[in-house]
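Here is what each chain is made of, one letter per residue.
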Amino acid sequence: MDFKLTEEQLMIQQAARDFAQNELLPEVIERDDAQRFPEEEVKKMGELGFLGMMVDSKYGGSGLDTLSYVLVMEELSKVDASCSVIVSVNNSLVCWGLETFGTEEQKQKYLTRLTTGESIGAFCLSEPEAGSDATSQKTTAIDKGDHYVLNGTKNWITNGSSADIYLVIAQTDIEKGHKGINALIVEKGAEGFEIGPKENKLGIRGSDTHSLIFNDVKVPKKNRIGEDGFGFKFAMKTLSGGRIGIAAQALGIAAGAYELALKYSKQRKAFGTEIANHQAIAFKLADMHTSIEAARMLVYKAAMDKDNHENYDLSGAMAKLYASKVAMDVAVEAVQIHGGNGFVKDYHVERLMRDAKITQIYEGTSEIQKIVISRSILRD
Ligand SMILES: Cc1cc2nc3c(=O)[nH]c(=O)nc-3n(C[C@H](O)[C@H](O)[C@H](O)COP(=O)(O)OP(=O)(O)OC[C@H]3O[C@@H](n4cnc5c(N)ncnc54)[C@H](O)[C@@H]3O)c2cc1C
C-alpha cells in the first residue's frame with residue numbers, strides 16, 4: 001500500500017485547508033449558535049468544485065478520485081462538520097448515485113446543476129419507523145402508468161429545506177418486500193410536497209435537518225432511477241460509498257480537535273510548566289495521535305478500494321466504525337485538555353465534541369456497521 005499523496009492530491013488538500021481556515025472558521029461559532037445554513041460558503045464550495053468532486057467533467061464535475069474527496073472532507077471537517085456533511089450528501093449520496101445509475105436525461109437535467117452548486121441534493125431514506133431497518137418503508141410510490149403517486153413522511157433529511165433535488169426511496173409493491181422499492185427524483189416545489197420544521201440538534205447545527213411530507217405528489221416515471229424495484233439496492237450501494245465520506249468527516253473532526261489540544265497543551269501553564277510537560281497530558285496526546293493515524297489508514301484504504309474498483313463494503317464500514325469512535329474519544333479528550341476553556345464555545349473543541357456524535361449515528365449506526373462487518377467476515 002502506498003499512501004503517498006500525488007502532487008494533485010496535495011494541492012487539493014491545501015485548497016480545502018485554506019478554504020476551511022479563511023472562509024469557514026471566521027463565522028463557524030455563530031452559525032452553530034444560530035443553526036444557520038452556510039449558504040454563501042456552499043456557493044463558494046461549488047465554485048471550488050467541492051460539490052461534484054468525483055463526477056465526470058462532462059456533467060460539470062471535477063473528475064477526481066475518492067481519495068481527493070476524502071482529503072477535502074477531512075480538511076473541511078477539522079473546522080466545520082456542518083459544511084462537510086452538505087458536501088458529503090451532495091457528493092456521495094446524490095451525485096454518485098445519479099451518475100452511476102441515472103439515465104442520460106436525468107444526468108443532463110439534474111447532475112449538471114448539482115456539481116456546480118446551482119442546486120443542492122438530498123437523500124431521503126429514513127422514516128419515523130424506518131431508520132436502521134430501512135426495509136420497513138411506509139412511504140408509498142403507487143404506479144399510475146406514466147407517473148407515480150408519492151405519499152408518506154421522511155425523517156431527518158440533511159439539506160432538507162436547502163435542497164432542490166431530492167432522491168426519495170419509497171415502496172411501490174409491498175408484496176415484493178425490498179424488491180418492490182423504488183428511488184425517485186423529486187423536485188422542490190412539486191405539488192403536495194411539504195418541508196417540515198427544522199430539527200434543533202446537538203451537533204452539526206449549521207446543517208438543516210428536516211422531515212419531509214409527501215401528499216399525493218405526482219412524480220413522472222422518467223424520474224425513477226434504474227429498473228422498477230431497484231430502489232433498495234440503489235440506497236444500499238449509495239450508502240456504502242457514503243460511509244467513506246462520513247468516515248472522512250469523523251477523521252477530520254478528530255484531527256481538528258487533536259490539533260487544537262496539541263497547540264493548547266504547549267501554551268497553557270499549570271504548576272509552573274506547560275501542561276504538555278505533565279505526562280498525563282502527553283500520554284493523552286500520544287493516544288489521540290496514534291488512533292487518528294490508524295483511522296486515517298482505514299479511511300484512505302477504503303477510498304483506494306473504491307478507486308481501484310474493489311469491493312469497499314467491508315473497508316468502508318470498518319473505516320466508519322473506527323473513525324467515528326476515534327472522533328468521539330479524541331474530541332472528549334480535547335475538551336479535557338482544555339480544562340474549563342474546553343467547556344466554552346470560543347475554543348471550538350466543545351463544538352467538535354458535539355459534532356463527533358453524529359458520525360456514530362447517520363449513514364448506518366455503529367451497531368449497523370458491526371452487522372455489516374461481521375456478516376462479511378463470517379461469509380468469507
Ligand atoms: C442529523 C441527522 C441527519 C440525518 N440525515 C439523513 C439523511 O440525509 N437521509 C436519511 O435518509 N437519513 C438521515 N438520517 C437518519 C439516520 O440515518 C438514522 O437516524 C439512523 O440510520 C438510525 O436510525 P434511527 O434513528 O431510526 O434509529 P433506530 O434504527 O431506531 O436505532 C436505535 C438504536 O438501536 C440500534 N439498533 C437498531 N437495530 C439494531 C440491530 N439490528 N442490532 C443492534 N442494534 C440495533 C441502533 O444502532 C441505535 O443505537 C439523519 C439523522 C440525523 C440525526
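Further up the page is the structure itself.
A few points on the structure.

Procedures and definitions
- Residues numbered from 1 in each chain as written.
- Predicted model: local features only at pLDDT ≥ 70, side-chain atom pairs only at ≥ 80, totals over all residues.
- Heavy atoms only, no water.
- Helix = DSSP H or I, 4+ residues; strand = E, 2+ residues; numbered from the N terminus.
- Rg over C-alpha atoms; globule rule 2.2 N^0.38 Å.
- Contact = heavy atoms within 4.5 Å.
- Areas by Shrake-Rupley, 256 points an atom, 1.4 Å probe, with all protein chains shown as cover.
- Axes fitted to C-alpha atoms, helices over the stretch in contact; angles between N-to-C directions.
- Parallel < 35°, antiparallel > 145°, perpendicular 65-115°, else oblique.
- Left-handed = near helix turned anticlockwise from the far one by under 90°.
- Nonpolar A, V, L, I, M, F, W, Y, C, P; charged D, E, K, R; others polar.
- Pairing = 2+ DSSP bridges.
- Salt bridge = Lys/Arg side-chain N within 4 Å of Asp/Glu carboxyl O.
- Buried < 20%, exposed > 50% of the residue type's maximum accessible area, 1.4 Å probe, protein only.
- Phe/Tyr/Trp six-rings, centres within 6.5 Å; stacked < 30°, edge-to-face > 60°.
- Core = buried A, V, L, I, M, F, W, Y, C linked by side-chain atoms within 4.5 Å.

**Overview of the overall build of the protein chain**
Next, step 1: Scanning the protein chain from terminus to terminus reveals 11 helices and nine strands.
Next, step 2: Against the globule reference of 21 Å for 380 residues, the protein chain gives a C-alpha radius of gyration of 21 Å, in line with a compact fold.
Next, step 3: C-alpha atoms of the protein chain, sized along the principal axes, occupy 80 × 45 × 40 Å.
Next, step 4: Considering only intrachain contacts with a sequence separation of at least 6, the fraction spanning at least 24 residues in the protein chain is 74%.
Next, step 5: Surface accessibility of the protein chain: about 16500 Å² in total, with carbon and sulfur atoms responsible for 53%.

**Some details on the packing of helix 9 (residues 313-337) against helix 10 (residues 349-358)**
Relative orientation and spacing of two packed helices are given, respectively, by the angle between their axes and the distance between those axes.
Next, step 1: Two numbers describe how helix 9 lies on helix 10: the axes approach to 8 Å, and their chain directions differ by 160 degrees. Classified by the interaxial angle, the pair formed by helix 9 and helix 10 is roughly antiparallel. The handedness of the crossing between helix 9 and helix 10 comes out as left-handed. Residues Ala-327, Met-328, Ala-331, Val-332, Ala-334 and Val-335 of helix 9 form the contact with helix 10, whose own contacting residues are Val-349, Glu-350, Leu-352, Met-353, Ala-356 and Lys-357.
Next, step 2: Taken together, the residues that form the contact of helix 9 with helix 10 break down as 10 nonpolar, no polar and two charged.

**What to know about the pairing of strand 7 (residues 209-220)**
Each regular strand shows side chains that alternate between the opposite faces of the sheet.
Next, step 1: Pairing of strand 3 (residues 147-158) with strand 7 involves nine bridges; the strand directions are antiparallel. In the sheet register, Tyr-148 faces strand 7, and the bridge partner there is Val-219.
Next, step 2: Bridge count for strand 6 (residues 193-198) against strand 7 is four bridges, and the pairing is antiparallel. Looking at strand 7, one finds that Phe-193 is bridged to Phe-214.

**Brief notes about the pattern of salt bridges**
Next, step 1: Counted according to the given criterion, the structure contains 23 salt bridges.
Next, step 2: The shortest N-O distance in the salt bridge between Asp-33 and Lys-345 comes to 3.6 Å. In this pair, Asp-33 sits in helix 2 (residues 28-34) while Lys-345 sits in the loop between helix 9 and helix 10, placing the two residues 312 residues apart along the sequence.
Next, step 3: Overall, the relative accessible area of 45% leaves Asp-33 in the partly exposed class.
Next, step 4: A salt bridge links Lys-325 to Asp-329; its shortest N-O distance comes to 2.6 Å. One end of the pair is Lys-325 and the other is Asp-329, both in helix 9 and four residues apart, which spans about a single turn.
Next, step 5: Its relative accessible area of 38% is what places Asp-329 among the partly exposed residues.

**Looking at the packing of aromatic side chains**
Next, step 1: Scanning the entire structure with this criterion turns up eight aromatic pairs.
Next, step 2: For the pair Trp-96 and Phe-101, a centre-to-centre distance of 5.7 Å together with 85 degrees between the ring planes defines the contact as edge-to-face.
Next, step 3: Residue Trp-96 is classed as buried on the basis of its relative accessible area of 17%.
Next, step 4: Between Phe-101 and Phe-234, the ring centres sit 5.8 Å apart and the planes meet at 75 degrees, which makes this aromatic pair edge-to-face. Taken together, the residues Phe-101 in helix 5 (residues 81-101) and Phe-234 in helix 7 (residues 231-267) connect sequence positions 133 residues apart.
Next, step 5: Classification of Phe-234 by relative accessible area gives buried; the value is 0%.
Next, step 6: The structure contains a cluster of three or more aromatic residues connected by ring pairs, namely Trp-96, Phe-101, Phe-230 and Phe-234.

**Regarding the nonpolar core**
Next, step 1: With 94 residues, the main nonpolar core has Met-45 and Val-299 as its most contacted residues.
Next, step 2: Here this core gets 17 residues from one element, more than from any other, and that element is helix 7.
Next, step 3: Leaving out residues up to four positions away in the same chain, Val-299 has contacts with Val-70, Ile-244, Ala-247, Ala-248, Leu-251, Ala-319 and Ala-323.
Next, step 4: Counting 17 residues, the second largest nonpolar core, distinct from the first, contains Tyr-148, Ala-170, Val-186 and Leu-212.

Function-wise, these values are silent; they only describe arrangement.
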